[in-house]
Amino acid sequence: MCYHASFNFPAFIYVFGADEWPRFQSLYHKLTKINDARIKKTLSCSIHEIAKILGPKYTEQDLLPCLERFLKDKTEKANEIKQAVLKNLHIFLSVVSEDKRSGFIKYIVQTFDETPKSEWRLKQVLASNLGNYCELFEREMVYQEFLPMFFKFCSDNVAKVSMAAVSAICPILMKFNEDEKKQESIARIVKHRYCKSRTFKKRQLFVLMMNGQMMQQKEIFEKYFKIDFLLLVNDRVDNVRINMAKVLRYHFLKEISGVFVYDQEVNDAIKLLKFDKC
């Protein structure tokens, strides 16, 4: 009964609305304290949806303590519960005020520092949300905490972790639009470590970093990456060129109003890839 109640709790709140939350608040708190992994995991998976319905006032007052309880869980299934919370933590934090939000940096950093190599799925969840965290926190925090995480995730031995992190490069660079020196420094490190790397896996990661949102940021892409990216059309490794073709195909066919669709240099690169016989 308690499991079914926890599973359907967001629906109850959605139907009755935020104004009726005081009727359900004590029941919700009781459910979060039941020592049953299934119930905890179910509640941790949906707490961000309840936060979206309730808004900042009730979220900060009633849901923040529950979220912290899930993140501090020490039971046998603690990693599964933590993973469920972290998957949508950025959505939850977008509801609360900035001063309350900053208190959760320690849980993100702690998870990053303490997660063993065997728990790669937890690292994958963190890596995939780095870009979302960068949009939520101040520039200095991004530079001190999330930028080192980005580079470490990109160097992870598990491919799914490193590939999950690549999309964060665009939000990171955009965060420093008003600090050109740091932005240029980050871009230089990315090119040196990945684009100019001797290992094809890192060059492949660089290509994937340019996918989607990064190419749509015309000014940043042209300023720091365009020439180096297009030079990889002649890379000696097939996989690098294949991924480059995929990135360009996505930009031309999937992006709405792709900014480089009529760019002559990009189109020349596509012509070379069309005749590639890898």
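Right, let's walk through the structure included here. Predicted model, so just to flag it, every value in this text is computed and none were measured.

Once that is clear, we can look at the packing of helix 2 (residues 21–32) against helix 3 (residues 37–54). Between helix 2 and helix 3, the least distance of the axes is 11 Å, while the angle of their chain directions is 155°. As judged from the angle between their axes, helix 2 and helix 3 are roughly antiparallel. At the point where helix 2 passes helix 3, the crossing takes the left-handed sense. Contacts from Trp21, Tyr28, Leu31 and Thr32 of helix 2 reach helix 3 at Ile39, Lys40, Leu43, Ile47, Ile50 and Leu54. Residue classes in the contact of helix 2 with helix 3 are distributed as eight nonpolar, one polar and one charged.

The subject of this paragraph is the nonpolar core. With 91 residues, the main nonpolar core has Trp21, Phe146, Phe225 and Phe229 as its most contacted residues. If we skip the residues at most four places from it in the chain, Phe146 touches Ile105, Ile108, Leu130, Tyr133, Cys134, Phe137 and Met141.

On to the pattern of salt bridges, then. All told, the structure shown has 18 salt bridges when counted by the stated rule. Of the charged contacts, one joins Glu80 and Lys77 as a salt bridge, the two residues approaching to 3.7 Å between their closest N and O atoms. Residue classification places Glu80 among the partly exposed residues on the basis of a relative accessible area of 36%. Residue classification places Lys77 among the partly exposed residues on the basis of a relative accessible area of 37%.

Across its 16 residues, helix 4 (residues 56–71) extends only 20 Å between first and last C-alpha, which sits more than 12% below the 22 Å expected from 1.5 Å per residue. The largest bend along helix 4 measures about 50° and falls at Leu63, with the proline Pro65 one to four residues further on. Here helix 4 has its buried residues at Tyr58, Thr59, Asp62, Leu63, Leu64, Cys66, Leu67, Phe70 and Leu71. Tucked into the core, helix 4 has its buried residues touching helix 2, helix 3, helix 5 (78–87), helix 6 (89–95), helix 7 (98–101) and helix 8 (105–114).

This part takes up a nonpolar patch on the surface. Nonpolar side chains collect at one region of the surface, where Phe12, Tyr14, Val15 and Phe16 lie side by side and expose about 470 Å² of accessible area between them. The topology assignment puts Val15 in helix 1 (residues 2–16).

This part is about the packing of helix 2 against helix 4. Where helix 2 contacts helix 4, the two axes come as close as 11 Å, and the packing angle between them is 10°. By the angle between their directions, the pair helix 2 and helix 4 is classed as roughly parallel. Note on element contacts: helix 4 touches helix 2 through Tyr58, Asp62, Leu63, Cys66, Arg69 and Phe70, opposite Trp21, Pro22, Gln25, Tyr28, His29 and Thr32.

Within the secondary structure, His48 is located in helix 3. Since its relative accessible area comes to 7%, His48 is described here as buried. Side-chain polar atoms of His48 contact the side chain of Glu49, separated by 3.3 Å. Beyond its immediate chain neighbours, meaning those up to four positions away, His48 contacts Asn88, Ile91 and Phe92.

Here we take up the side chain of Asn129. The residue Asn129 is located in the loop between helix 9 (120–128) and helix 10 (130–136) in this model. A polar contact of 3.0 Å, which involves the side chain of Asn129, links it to the backbone oxygen of Lys87. Looking at Asn129, its side chain comes within polar contact range of the side chain of Asn132, at 3.0 Å. What Asn129 contacts, discounting residues up to four positions off in sequence, is Leu86, Lys87 and His90.

Right, let's get into helix 11 (residues 139–154). Helix geometry: helix 11 is bent most strongly at Phe146, by close to 40°, with proline Pro148 lying one to four residues after it. Among the residues of helix 11, Val142, Phe146, Leu147, Met149, Phe150, Phe151, Phe153 and Cys154 are the ones counted as buried.

Next up on the list: the environment of Ser102. Note on placement: Ser102 falls in the loop between helix 7 and helix 8. A C-alpha to C-alpha distance of 7.5 Å links Ser102 and Phe137, two positions 35 residues apart in sequence.

Reading the values: the criteria
Residues numbered from 1 in each chain as written. Predicted model: local features only at pLDDT ≥ 70, side-chain atom pairs only at ≥ 80, totals over all residues. Heavy atoms only, no water. Axes fitted to C-alpha atoms, helices over the stretch in contact; angles between N-to-C directions. Helix = DSSP H or I, 4+ residues; strand = E, 2+ residues; numbered from the N terminus. Parallel < 35°, antiparallel > 145°, perpendicular 65-115°, else oblique. Left-handed = near helix turned anticlockwise from the far one by under 90°. Contact = heavy atoms within 4.5 Å. Nonpolar A, V, L, I, M, F, W, Y, C, P; charged D, E, K, R; others polar. Core = buried A, V, L, I, M, F, W, Y, C linked by side-chain atoms within 4.5 Å. Buried < 20%, exposed > 50% of the residue type's maximum accessible area, 1.4 Å probe, protein only. Salt bridge = Lys/Arg side-chain N within 4 Å of Asp/Glu carboxyl O. Expected span 1.5 Å × (residues − 1). Bend = angle between axes of the 7 residues up to and from the residue. Patch = residues over 30% accessible without salt bridge, like charges linked within 9 Å, V, L, I, M, F, W, Y side chains within 5 Å. Areas by Shrake-Rupley, 256 points an atom, 1.4 Å probe, with all protein chains shown as cover. Polar contact = N/O pair within 3.5 Å; in protein donor to acceptor, adjacent residues only side chain to side chain.

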